[in-house]
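Summary of the model geometry
Listed below, chain by chain, are the residues.
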Amino acid sequence: MSRLRKLANDKLSKVADTPEELREYLNKKCEYGFIWDGKKYTDDFNYFKNYHTVSPREFSKTHIGVCWDYANYEYAYFREYFKDMPCELYYIELAKPPQEATHTWLSYKENN
């Protein structure tokens, strides 16, 4: 089985029964940052050029990521455990030199 097929078939562990519980879980258990060369970077982003997006499965194991990773994890979690709740991912980019900024988030609709 290919690595991509295995990742696609891997289920995320259930950590919450509601979106609110998922948000609480992420706030308590996860950190904003990334891992590079085995080291966590949570406040020194001089190494951000070495960042790479992680899969939702990897995020669930390391509990560290940036907004892109959080949003991808949330999207995968919603698709798996909140199937009846419509959700969408959004990405925004401000490309204004010298510093470019981006953000990604998940939006969902309750009581559809």
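Residues numbered from 1 in each chain as written. Predicted model: local features only at pLDDT ≥ 70, side-chain atom pairs only at ≥ 80, totals over all residues. Heavy atoms only, no water.

Secondary structure assignment for the protein yields four helices and six strands. Moving toward the C terminus, one meets the helices and strands of the protein in the order α-α-β-β-β-α-β-α-β-β. Taken over 112 residues, the protein has a buried fraction of 26%. When contacts within the protein are restricted to residue pairs at least 6 apart in sequence, those whose partners lie at least 24 apart make up 52%. (Helix = DSSP H or I, 4+ residues; strand = E, 2+ residues; numbered from the N terminus. Buried < 20%, exposed > 50% of the residue type's maximum accessible area, 1.4 Å probe, protein only. Contact = heavy atoms within 4.5 Å.)

Where helix H2 (residues 19–29) is concerned, the buried positions are Pro19, Leu22, Tyr25 and Leu26. The arc enclosing the buried residues of H2, seen along the axis, measures out at 115 degrees, which places them on a common side. In H2, the exposed positions angled more than 90 degrees off the buried face are occupied by Asn27 and Lys28. Buried residues in H2 make contact with helix H3 (56–62), helix H4 (67–81) and strand S6 (99–108). (Arc of directions from axis to C-beta.)

Turning next to a negative patch on the surface. A cluster of like negative charges, contributed by Glu20, Glu21, Glu24 and Glu110, occupies part of the molecular surface. Within the secondary structure layout, Glu24 lies in helix H2. Its relative accessible area of 47% is what places Glu24 among the partly exposed residues. (Patch = residues over 30% accessible without salt bridge, like charges linked within 9 Å, V, L, I, M, F, W, Y side chains within 5 Å. Areas by Shrake-Rupley, 256 points an atom, 1.4 Å probe, with all protein chains shown as cover. Salt bridge = Lys/Arg side-chain N within 4 Å of Asp/Glu carboxyl O. Lys, Arg positive; Asp, Glu negative; His and termini not counted. Charge placed at Lys NZ, Arg CZ, Asp CG, Glu CD.)

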